[in-house]
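This is what each chain is made of:
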Amino acid sequence: MPRATAIFQMLQEVSERTHIRHEFTCPELSRVRRGMRTVIRALLEDDSAAEETEWLRHLLFTWLTIPLPFADFDSAPLLEGLGGPVAVGRLWGGDVLKAYVSALEGLAELRTMGSPLRTAVENILVSTAGSGACVRVFCHRKARPAFTSMYGWAELEEVGLVGFLHTPRDYRIAEPFDVLIKVGPLRRTGYSSLTGAVINAPRYRSLQQFTWSDLPDDTEFGRDPLLGVLDQGTEENPGQVGKRAYGGTLLWKRSEVRSGAEELFHTSSAETVDELTLFTRPAPQRVDSRAAVLVQIGADIAVMYPPNAEVIALSRKPSGAVEVASTIVSGLMGGESFLAWPDLGDVDLGGTHATDGAYSAIWKNRLAELFASRPIWLESELRREGLNLRRLRSCLENWTRRASSVIHAPQQQRHFEILIRVLRIQDEPCAGGRTSQAPWWLRAWAEIARSRGHAVQVGMHEQEIIQSELMAILGSVSGFLAQTAEAGRTFALPLSRAGLEGHVTFYYIDAVESGYRVPEAVLRTIVPLDRAYEWRV
Amino acid sequence: MLQRLELVGADDHSVHLTRLQHLTPETAGRVILRHRIRTGQRYELIRDEFGQVRFQELGRKDPERHILIDSHAANWYFEGEPPVEGYPGAQLRYTQIYRSLLPFGQQLCETNLRRTDSFVALAGQGGGRAVTEQVLSSIRLRVDTEEAALSELLAVYGWQPLNVSRIRYFNPRAGTGKEFDRPGPPPGLMIADGPTAFEAVYDHPEVLNSNVVAVVSRTADPDQLDRLAQRVEALAQWYDPDPDIATELPVPPAGVEIMTLRRES
């Protein structure tokens, strides 16, 4: 933690802080952005393209907030994910095809050019840090390579003149420095978010912000969170952050530097909503969301946990020994621990079983018959109808199984409907089935949903038993785990003890970050890192 | 706290006497006291057949009994609490530093440094009492040859050797009814160190009529700040900005802003 004296001294010495907003316009990039917007908009309305939409959304977010060289703007996801121009035209029509082709052409042009934004960041970095000033970059972890690959970064980092800040906590414990670099708009939440404290509690002299055109900052970014609510209803200019009638007001000198030629038919930002806003998932309501800690367990994936959640982790103790222990997630450290992620399949603890219900008995019988007699036809029919799961055959095998803790069935309602359609079940009479006007498949789906709800309740008790069983097993092989962990890479441990079969993956923890607010349903699930960044607060 | 050090009689003497006069073993349970000079002895507060307070020595076959004399009430103090008046003749510490902190022209009332006062209370951060002491002890002040940690200067019970206390400590993590480190009347002034402390103080029944100073860092956890902002927004219905108090305060250093609110009459 920095000493208060050092912070106050710095605040006293600098009478006026500067905030320079460098805004870049690039017609070729604008063309790509326009194309991508049209494509993503169309895809958002198509449920079957959810995965591709996520992919493109995050690709666009990355391009707009990370100073990548244009040569690294990868068009492969556009080409591969959507299946090429013919498929795009067939699925989404002529307008989308036009936008798609335009985006691809724009990308091809961009890849032959240098990024003016990246060049500017590089120049500022070299000139300021090179002259002895201490520079910190606020970005998310995934953006680090875009900076570390810049000219001179390694040398400047070695002498401590450049470094990263990723979270509000990082900023809180940072020693005062000279220049803060931020790429992208100043936003309170979402992919480009950063803590408002960088404006209302500066620990530096100058903010150098670099952003593409048409990405405005939040109007009240950096407004004091507490005094802000008391000021509501006054005529105070919200743009003058920190300007108050009484207090040790901090003065900011703001300026904007625009570079690049605008397009001939440029649409001003006042008329449009930028992509970071347009394609951001709506922030969860406070009542439906919880504060969370992000545990990054790979280059692109993370798990979100409540801050006080207990997890099984493999960590190095101060004594140097590596131990498996139940640990509070906030206390874990990136770069020295492993997160145990059990994948145990169906654990049979002799508890409550779902019986094959009235509907599931019928569709499971039909499925078993077809799977035994015409497996290839069944698989291809399902895929043609849209049930295009990667491991469809093993899923089919699983769905034919009799009920254990739940009725084994597709996870998504849409997939279940396809399955019943392919099985040609329309209105099969069933003993004990309810009389209803609802389609047969929907009544059968309700049965599955009921069995799953029951399983969740039973599961809470079972989870405790599994946890303690698992701890005992892992404790018995702690020597092996410690030895394997030495390599500092994710590894898996197969389990074959009666009642607990499957494997435990020990994910190497890259980072643990606080400062997130996520929907309840997302907690304790593996999510793409890009998606997690949208929940930054 | 500094203002209280200037004021003659800014101590717990009268409150202490009232407490002794009104305590009964029936309502308060077994009450153990100590004497500030005979420090090794323990006494039990009892009532004689006329209802008068008596201090009966413990651990002796033929125990001595003492009566409560109002002017000597400060000699008795409750076990586990700071003495109302320190050991006579004990050397005062840090007088130079306290003097230098007082506004120009103000006099330090040295007697106050020998006496416990419960007017001001400090609600520590969520980390707990020991963590708060550790943090405050890392801030050190020096005047000429005298040097002290802020934790000692604040004189919370147990944080400095003299053993009297000038500030009550409020632990936001302690169970309901156990937050204060000693019983006493509602504090006149409550200092809340951080959002967690303010949240704990906000609804506490003993603090409803106290003045509250909340000190909040803008770099605190954003979630805590959001919650606090909601609380403050709710408070704004019953409070108005108070420019009078604001003008009486010194201009804060760069980066610190002060908002003063007064409850609507």
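Preceding block: the structure.
Because the structure is predicted, anything quoted here is derived from the model rather than measured. Sequence order as written defines residue numbering, which begins from 1 separately in each chain. Each chain gets a letter, beginning with A, and each ligand a number, beginning with 1, in the order they are written. With pLDDT at 70 or above as the cut-off, local features in this predicted model cover only qualifying residues; side-chain atom pairs require 80 or more to be listed or tallied, and sums for whole chains, interfaces and linings still use all residues. Excluding hydrogens and water, the side-chain figures rest on all heavy atoms present in the structure.

S.K.: Tell me about the overall build of chain B, and name the residues and values.
M.R.: Within chain B, the regular secondary structure consists of nine helices and 13 strands. Residue exposure (1.4 Å probe, protein chains only): buried if accessible area is under 20% of the type maximum, exposed if over 50%, otherwise partly exposed. Across the 265 residues in chain B, those meeting the buried criterion constitute 44%. Any two residues whose heavy atoms approach within 4.5 Å at even a single point are treated as in contact. A separation threshold of at least 6 residues defines the contact pool for chain B, and within that pool the share at least 24 residues apart is 59%. Accessible area for chain B stands at about 14,300 Å²; split by element, carbon and sulfur atoms hold 51% of it. Side chains of chain B give 29 positive and 37 negative charges; the mean places of these two sets differ by 8 Å. Runs of H or I in DSSP of at least four residues are treated as helices and runs of E of at least two as strands, each being numbered from the N terminus. We get accessible surface area from the Shrake-Rupley algorithm with a probe of 1.4 Å; when it comes to residues, only the shown protein chains can shield them. Only four residue types enter the tally: Lys and Arg on the positive side, Asp and Glu on the negative side; His and the chain ends are excluded. Every charge is mapped onto a representative atom, which is NZ of Lys, CZ of Arg, CG of Asp or CD of Glu.

S.K.: Any chance you could break down the packing of aromatic side chains for me, citing the residues and the numbers?
M.R.: Here a Phe, Tyr or Trp ring, Trp counted by its six-membered ring, pairs with any other such ring whose centre lies within 6.5 Å, and the pair is stacked when the planes are under 30 degrees apart, edge-to-face when over 60, and tilted otherwise. Tallied over the full model, the rule gives 22 aromatic pairs over all chains. A ring pair is formed by Phe70 of chain A and Phe73 of chain A, whose centres lie 5.1 Å apart and whose planes are at 80 degrees; its orientation type is edge-to-face. Using a relative accessible area of 1% as the deciding quantity, one classes Phe73 of chain A as buried. Ring pairs connect the aromatic residues Phe24, Trp63, Phe70, Phe73 and Trp212 of chain A, which therefore count as one cluster. Comment: the charge-over-ring label is applied if NZ (Lys) or CZ (Arg) is within 6 Å of the ring centre and within 35 degrees of the ring normal. The side chain of Arg203 of chain A reaches across the aromatic face of Tyr171 of chain A, ending 5.9 Å from its centre. Taking NZ or CZ as reference, Arg168 of chain B lies 4.1 Å from the ring centre of Phe180 of chain B, over its face.

S.K.: How would you sum up the interface of chain A and chain B? Please name residues and give values.
M.R.: With 28 residues of chain A at the contact, the number on the chain B side is 29 residues. Both sides together, the interface formed by chain A and chain B hides about 2,500 Å², and carbon and sulfur atoms give 63% of it. The rule for a salt bridge is simple: a side-chain nitrogen of Lys or Arg has to be within 4 Å of a carboxyl oxygen of Asp or Glu. Linking chain A with chain B are one salt bridge. Between Arg218 of chain B and Asp224 of chain A there is a salt bridge; the shortest N-O distance is 2.3 Å. Under this definition, polar contacts are N or O atom pairs within 3.5 Å; protein pairs additionally need one hydrogen-donor-capable and one acceptor-capable atom, and for neighbouring residues in sequence, both atoms have to be side-chain atoms. Along the contact surface separating chain A from chain B lie three residue pairs in polar contact (both at pLDDT 80 or more). Secondary structure elements with two or more residues in the side of chain A that touches chain B: helix H1 (4-13), helix H10 (168-172), helix H11 (197-200) and helix H12 (225-231) of chain A. Buried area is calculated as the accessible area (1.4 Å probe) missing from two parts once they are joined, with the contributions of both summed.

S.K.: Give a description of the pattern of salt bridges that names residues and reports values.
M.R.: Pairing of side chains with opposite charge becomes possible as their charged atoms draw close. The full count for this structure, using the stated rule, is 49 salt bridges over all chains. For Arg57 of chain A, the salt bridge identified is with Glu534 of chain A, shortest N-O distance 2.8 Å. Of this pair, Arg57 of chain A sits in helix H3 (residues 50-65) while Glu534 of chain A sits in the segment after helix H20 (529-533), and the two are 477 residues apart along the sequence. The exposure class assigned to Glu534 of chain A is buried, which follows from its relative accessible area of 7%. Ionic pairing is found between Arg142 of chain B and Glu147 of chain B, a salt bridge with its closest N-O pair at 3.6 Å. A cluster of three or more residues bridged by salt bridges with shared partners is formed by Arg21, Glu23, Asp217, Glu256 and Arg258 of chain A.

S.K.: Account for the pairing of strand E2 (residues 42-47) of chain B, with residues named and values stated.
M.R.: Regular strands place side chains that alternate from one sheet face to the opposite one. Residue and element names in this part refer to chain B. Pairing of strand E1 (residues 32-35) with E2, which is carried by three bridges, proceeds in the antiparallel orientation. Looking at the pairing, Arg34 lines up with Arg42 of E2. Two successive antiparallel strands, E1 and E2, enclose a turn made up of six residues. We treat two strands as partners when DSSP finds at least two bridges between them. Direction of pairing for E2 relative to strand E3 (residues 53-57): antiparallel, over a ladder of five bridges. Residue pairing in the sheet places Glu44 in a bridge with Gln56 of E3. Between the end of E2 and the start of E3, which pair antiparallel, lie five residues, with Gly51 showing a positive phi angle near 85 degrees.

Read these as layout, nothing more, since geometry by itself doesn't imply function.
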